[in-house]
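Residues per chain, in single letters:
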Amino acid sequence: MSATIKSKNGTARSKRRFFQRKVDALNRRSKSEKILFTIVFVIFAIQTFTMFFVLWWLINNSLKDPFEYAQLKNSLHFPEQMQFGNYIQAFKTLNTGEITFFEMILNSLYYTVVCSFLGSFCPAVTGYVLAKYRFKGRNLIYSIAILTLTLPIVGSGAAYMKLLHNLGLYDNPLFYIVNNFNGFGANFLIYSAFFSGLSWSYAEAAEIDGANPWQIFFKIMFPQALPIYFTYVIICAIACWNEYNLMILYMPSYLSLAAGLYTFQARATRAANYPVYFAGLIVSMIPTLIIFGTFSDKVMTSLSVGGLKG
């Protein structure tokens with residue numbers, strides 16, 4: 001018991017010293033720095049308030065009766081009676097054609113898993129090959145990879161649609177895999193820079209023990225890039241869960257949750273049950289909030305990798 005009390009007292013003292021250092025650092029700032037710091041703080045405080053206000057408005061209206069919302073659409077008052085049944089009703093009524101709400105959730109999970117893990121791994125392979133191996137055409141491939149990031153691809157939609165039809169991938173679940181089997185993009189540049197700065201002594205030591213190139217990559221090199229890989233997995237998972245454009249264009253029979261809700265809202269009339277629709281939006285937000293809330297420190301923290309001595 002005494003050890004627990006001492007531990008809590010030590011933690012409290014550490015927190016007090018931490019905040020005291022922050023206050024001392026703030027007091028040492030010049031007048032102009034304090035003014036600038038105050039302006040930046042106010043701007044971020046306003047932005048934070050607007051983001052939380054929109055979230056509160058959405059939750060508040062998702063708990064209203066549809067007639068109450070229709071009569072006082074722009075009102076900020078709390079619902080007269082909490083309609084938690086709207087969340088249950090969302091699973092029953094928020095359907096898009098023959099695709100149910102639950103099926104849209106499964107489609108979102110499938111696409112998110114494939115997109116995040118496969119889309120984060122393929123650039124690691126190409127980045128490693130171009131960073132550690134010298135062969136003819138290497139510089140050309142690297143230049144093309146950078147060039148594709150700068151060219152606008154808006155006009156390629158019709159050609160891409162025709163290509164998917166010719167390959168039999170239009171409205172086919174395999175589209176998710178093929179579309180994310182891409183080894184280039186912005187992720188490729190990060191992996192390439194990382195592996196370029198990684199000492200080849202790791203591979204030389206493994207070659208002495210008889211490792212082949214595949215073993216060197218999967219057992220020696222890639223494990224050192226796992227912090228970067230998992231960071232990209234988290235970022236891609238959030239982006240893929242909210243993706244709706246690709247499904248609407250190329251996968252109309254396998255709409256994700258984001259695509260289904262967007263389609264439902266676009267087809268909705270004035271008689272639509274918007275509180276139930278808002279409840280569906282809240283349900284779609286929960287996975288991304290959980291992912292970001294759990295792994296935000298990992299995403300925001302800088303990573304350091306090393307393992308050689310001497």
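Residues numbered from 1 in each chain as written. Predicted model: local features only at pLDDT ≥ 70, side-chain atom pairs only at ≥ 80, totals over all residues. Heavy atoms only, no water.

1. A word on the nonpolar core
How we decide: Definition of nonpolar core: a set of buried residues of the types Ala, Val, Leu, Ile, Met, Phe, Trp, Tyr and Cys, connected through side-chain atoms within 4.5 Å. Buried residues are those whose accessible area, probed at 1.4 Å on protein chains only, stays under 20% of the maximum for their type, while exposed residues exceed 50% and partly exposed ones sit between those limits. Segments assigned H or I by DSSP are reported as helices when at least four residues long, segments assigned E as strands when at least two residues long, and all are numbered from the N terminus. Contacts are assigned to residue pairs that have any heavy atoms within 4.5 Å of one another.
Within the largest apolar cluster, 32 residues are counted, with the highest numbers of intra-cluster contacts made by F101, Y176 and L257. Those elements that place two or more of their residues in this core are α4 (85-93), α5 (101-132), α8 (174-180), α12 (226-241), α13 (245-250), α14 (257-267) and α15 (274-300). If near-sequence neighbours (up to four positions away) are discounted, Y176 is found in contact with Y110, Y111, V114, M247, M251 and Y254. Ranked by size, the runner-up nonpolar core spans 19 residues in total, among them A124, Y128, F194 and I216.

2. Section: a nonpolar patch on the surface
To keep it simple, the criterion reads: Excluding any residue in a salt bridge, patches collect residues exceeding 30% relative accessible area, merging like charges within 9 Å and nonpolar Val, Leu, Ile, Met, Phe, Trp and Tyr side chains within 5 Å. For the accessible areas, the method is Shrake-Rupley and the probe is 1.4 Å, while residue cover comes only from the protein chains on display. The working definition used for a salt bridge is a side-chain nitrogen of Lys or Arg within 4 Å of a carboxyl oxygen of Asp or Glu.
Together, Y110, L174, I177, V178 and F181 make up a nonpolar patch on the protein surface, roughly 470 Å² of accessible area in all. Take the nonpolar patch: its biggest share by element is 3 residues, from α8. By secondary structure assignment, the location of L174 is in helix α8. Judged by relative accessible area, L174 falls into the partly exposed class, the value being 46%.

3. So, helix α10 (residues 201-208)
In an α-helix, one turn spans 3.6 residues, which is why side chains three or four residues apart end up on the same side. Keep this limit in mind: Our arc is simply the arc of the directions from the helix axis toward the C-beta atoms.
Along α10, the residues that are buried comprise Y202, A203 and A206. Mapping the buried residues of α10 onto a view down its axis gives an arc of 95°, with all of them on the same face. Buried residues in α10 make contact with α11 (213-224). Two residues or fewer past α10, G210 is found with a positive phi of approximately 95°.

4. Comments concerning the confidence of the model for the protein chain
Quick reminder of the rule: pLDDT gives the predictor's per-residue confidence on a scale running from 0 to 100.
When pLDDT is averaged along the protein chain, the result is 83, and 85% of the positions lie at 70 or above. Of all secondary-structure elements in the protein chain, the lowest mean pLDDT belongs to helix α1 (residues 2-27), at 59, while α5 reaches the highest, 91. In the model, residues 302-310 has pLDDT below 50 throughout and makes 10 contacts with residues more than four positions away in sequence or in other chains.

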